[in-house]
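Next come the chains, spelled out residue by residue.
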Amino acid sequence: MSSPTTTTELAPLDLSKWRKVPMILIVLGGIGSAVGAFSESTRLQFGYSWLQAFMFCLSFTMGGMFLTMAHHLFDASWSIPLRRINEHLSCLAPVMAVLFIPIALMAKSLYPWMTSNPAEDHALASKLPLLTMPMFYAIAVFCFVCWTVIAFGLRGASLRQDVTGGAAPTLRMRMISAIGIFVFALTFTLAAILWMKALMHEWFSTMYGVWYFAASTWITLITVYNIALILKRMGPLSEVMKEKQFYFQGSVFFAFTVFYAYVTFAQYFIIWNANMPEETFWYVLREKGSWWDISMLIIFGHFFVPFLALLRIDAKLTPWLMAFLAIWAWIMHFCDMSFNIMPVFHKEGFVLHWLDLTTLAFMVGVLATVFLKYFAAHPPYPLRDPRMAENLGVYLPPGPTGPSYISESGAH
Amino acid sequence: MAEVLTTDSMAAPYGIVAEFDTPAATMHAAEMIRDSGFKRWDVFTPYPVHGMDEAMGMRSSRVGWFSFIGGVTGYTTGMIMIWWMNAIDYPIVIGGKPMFSPMSAFPPSYELTILLGSFGALFGMLFMNRLPRLHHPLLKYGRFKQATHDKFFVVVETSDPKYSAVETRRLLESAGSKNIEVVEE
């Protein structure tokens with residue numbers, strides 16, 4: 001684990017020259033997206049590109065939320081320095097709600113079931129309570145409200161602990177997580193079904209929510225790894241992000257590489273084995289034209305490349321490899337979203353439209369700006385988490401009335 | 001008495017054992033032994049001491065290669081076996097599906113990957129550790145059982161090219177050990 005260039009021996013990094021990048025992305029992406037949205041010929045393409053970019057970006061919000069809750073539910077100490085990053089990512093939920101507006105407005109042209117008659121469409125009739133216009137909008141509102149309450153509840157308690165110290169905020173965050181994880185599972189599955197799977201409402205797969213969850217957490221893990229790597233080199237996390245934390249984060253990313261492949265294959269295998277036309281059509285469509293190549297790219301690029309690259313124990317601590325894997329994972333996640341969303345519109349094969357790039361650039365720019373605002377406004381990591389000393393391998397002798405973190409005021 | 005002494009001196013020494021009281025002292029001693037260039041030596045502690053692998057200058061374990069090769073063998077065996085049985089040796093058409101498909105062959109191949117991978121890890125570990133063995137010279141040393149209780153031991157084998165009965169003892173003394181013994185084969 002001590003190869004010459006590990007995560008602990010990195011040169012300082014100055015990113016001040018890149019400060020304008022999010023704004024450039026917003027302006028260029030915004031202009032491009034607006035042109036696409038207002039021109040009659042590209043409006044539908046804009047709608048699907050926007051949906052694709054939205055589902056791509058929603059992954060980070062959801063992944064951050066899950067990792068924050070998992071941290072509390074497992075009572076982990078190693079992930080404390082990374083928690084603030086995850087908290088900020090999950091607090092992008094209200095921004096995602098605003099970014100959902102174009103989808104809500106264009107829903108009728110994006111989702112064929114909305115213009116289908118349930119009296120003639122058995123597949124729609126059998127899903128009636130769910131696939132109706134009022135339910136579509138009510139569930140969207142419900143999801144964003146739940147996510148905002150969970151994300152801000154968790155981050156609020158975490159920020160309170162930075163001031164007061166003590167165990168009370170930790171216990172509160174644990175409580176929110178214990179309830180929140182069930183709400184998360186329900187709302188996240190509903191979102192994946194209504195916003196992505198319902199593009200072809202005849203199809204059904206009970207793995208779909210799990211698939212989107214696995215993909216989202218996967219992309220979030222490697223992204224957070226690299227955000228932490230940058231923040232360590234820039235200074236804010238230099239004292240708290242050690243070899244151990246990077247190694248564990250890399251290992252969880254490795255685990256989710258396998259979990260994603262497992263879920264994705266299981267979904268395919270069950271449908272392949274049953275061989276029923278009402279299920280297989282979804283995959284048959286995705287074997288046509290260049291969608292076949294994308295499906296191969298997902299098998300080999302989404303799974304085998306990161307799997308084999310990360311097998312070695314020291315790979316998880318090799319910065320250039322993990323930086324490469326982050327870029328690679330972003331491309332793979334984009335192809336995966338495209339593979340799931342676009343065949344309904346581009347039946348003939350994969351098309352990289354310029355609107356795919358402008359919508360994504362705009363959204364990433366907006367989210368990066370809000371994320372950096374969050375980051376600048378708050379401490380870079382949970383300063384007074386009771387488990388911080390344990391995480392750093394430091395021994396704190398208990399005070400006269402037991403360890404100081406037991407009483408709320410003990411750490412003042 | 002004289003006879004006992006001659007038999008004692010006739011048994012070949014296995015190594016020199018130094019006892020320490022704290023993990024810090026043991027870690028320090030390990031660093032000194034490592035920096036002196038010893039090759040055949042080991043450290044025994046009642047519990048895992050973090051950073052000891054680095055203090056001992058140990059390289060990453062090679063057991064992973066055994067499990068990797070085991071896993072690759074398992075996966076290819078599974079695929080080839082199912083392909084040969086279903087498509088060559090005894091082909092039966094089921095549900096109009098192809099004679100061989102990597103889809104249906106995947107779950108058993110995957111399970112064989114895990115089975116042979118874990119066999120590789122287990123037997124590779126035993127092989128690298130030269131296990132199982134029925135006896136070890138250190139078990140003759142009475143105080144050594146404290147290694148599972150509250151004492152820490154550094155052992156330098158006499159087969160190490162750098163070993164010297166006088167110099168090595170002096171080195172371990174300078175590392176702070178108060179209890180140094182030579183253990184016989």
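None of these values were measured; they are calculated from a predicted model.

The rules we used
- Residues numbered from 1 in each chain as written.
- Chains lettered and ligands numbered in written order.
- Predicted model: local features only at pLDDT ≥ 70, side-chain atom pairs only at ≥ 80, totals over all residues.
- Heavy atoms only, no water.
- Salt bridge = Lys/Arg side-chain N within 4 Å of Asp/Glu carboxyl O.
- Helix = DSSP H or I, 4+ residues; strand = E, 2+ residues; numbered from the N terminus.
- Buried < 20%, exposed > 50% of the residue type's maximum accessible area, 1.4 Å probe, protein only.
- Phe/Tyr/Trp six-rings, centres within 6.5 Å; stacked < 30°, edge-to-face > 60°.
- 1 Å grid on protein atoms, 1.4 Å probe; cavity = no way out; pocket = protein on both sides within 12 Å on 5 of 7 lines; lining within 4 Å.
- Points joined across faces, edges and corners; volume = space filled by probe spheres on them.
- Nonpolar A, V, L, I, M, F, W, Y, C, P; charged D, E, K, R; others polar.
- Pairing = 2+ DSSP bridges.
- Axes fitted to C-alpha atoms, helices over the stretch in contact; angles between N-to-C directions.
- Contact = heavy atoms within 4.5 Å.
- Buried area = accessible area lost by both parts, 1.4 Å probe.
- Polar contact = N/O pair within 3.5 Å; in protein donor to acceptor, adjacent residues only side chain to side chain.
- pLDDT = per-residue confidence, 0-100.

(A) Seen up close, the pattern of salt bridges. Residues and elements named next belong to chain A. Under the defined criterion, the tally for this structure stands at 14 salt bridges over all chains. The partner of Asp75 in a salt bridge is Arg387, and the shortest N-O contact between them spans 2.8 Å. Taken as a pair, Asp75 in the loop between helix H2 (43-73) and helix H3 (80-90) and Arg387 in the loop between helix H14 (354-377) and helix H15 (388-392) lie far apart in primary sequence, 312 residues in all. Judged by its relative accessible area of 30%, Asp75 falls in the partly exposed class. Between Asp385 and Arg83 there is a salt bridge, and its shortest N-O distance comes to 2.8 Å. With Asp385 in the loop between H14 and H15 and Arg83 in helix H3, this pair connects stretches of sequence that are 302 residues apart. Neither Asp385 nor Arg83 differs from the other in exposure class; each is buried. Taken together, the shared-partner salt bridges connect Arg83, Arg84, Glu87, Asp162 and Asp385 into one network.

(B) Inspection of the packing of aromatic side chains at higher detail. All names here are of chain A. Per the stated rule, a full pass over the model turns up 60 aromatic pairs over all chains. Taking the centre distance of 5.4 Å and the plane angle of 85° together, the rings of Phe144 and Trp147 count as edge-to-face. One end of the pair, Phe144, and the other, Trp147, are both in helix H7 (residues 133-164), 3 residues apart, so they sit about a helical turn from each other. Each member of the pair, Phe144 as well as Trp147, is classed as buried.

(C) Region of interest: the layout of surface pockets. Residues and elements named next belong to chain A. Its volume calculated, the second largest pocket comes out at about 1600 Å³. Lining the second largest pocket are 38 residues; nearest its centre among them are Leu15, Ile227, Ile230, Ala368 and Leu372. Looking at the lining of the second largest pocket, the elements that each hand over two or more residues are helix H1 (21-38), H2, helix H9 (208-234), helix H13 (319-341) and H14. The residue inventory of the lining of the second largest pocket, partitioned by class, reads 31 nonpolar, 4 polar and 3 charged.

(D) Main features of the sheet that holds strand S4 (residues 179-184) of chain B. All names here are of chain B. With antiparallel pairing, the 4 strands of this open sheet are ordered in space as S2-S3-S1-S4. Of all strands in the sheet, those bounded by a partner on one side alone are strand S2 (41-44) and S4. Sheet twist, expressed as the mean angle between neighbouring strand axes with direction ignored, is 20°. As judged from the 6 bridges shared by strand S1 (residues 13-20) and strand S3 (residues 152-157), these two strands associate in the antiparallel manner. From the neighbouring strand, Gly15 faces S3, where its bridge partner is Glu157. On the sheet, helix H2 (residues 23-35) packs against S1, S2 and S3 and is oriented at approximately 15° with respect to S3. Each of S1, S3 and S4 is contacted by helix H6 (residues 165-174), which is oriented at about 10° to S1, the strand it contacts most.

(E) Molecular detail of the interface of chain A and chain B. Counting residues at the interface gives 10 residues for chain A, matched by 11 residues for chain B. In this assembly, chain A packs against chain B so that about 960 Å² is buried in total across both faces, 73% of it on carbon and sulfur atoms. Considering only the surface of chain A that becomes buried against chain B, Phe265, Phe269 and Trp272 of chain A emerge as the three largest contributors, covering 46% of it. Scanning the region where chain A abuts chain B turns up 0 salt bridges. At the junction of chain A and chain B, the tally comes to 1 residue pair in polar contact (both at pLDDT 80 or more). Of the residues in the side of chain A that touches chain B, the class split is 7 nonpolar, 2 polar and 1 charged.

(F) Here's a closer look at the confidence of the model for chain A. For chain A, the average pLDDT comes to 91, and 94% of its residues sit at 70 or higher. This stretch, residues 402-412 of chain A, has a pLDDT under 50; its non-local contacts, to residues over four places away or in other chains, come to 17 contacts.

(G) Inspection of the confidence of the model for chain B at higher detail. When pLDDT is averaged along chain B, the result is 90; 95% of the residues meet or exceed 70. Low pLDDT, under 50, characterises residues 1-7 of chain B; the stretch is placed with 0 contacts to residues that sit more than four places away or in other chains.

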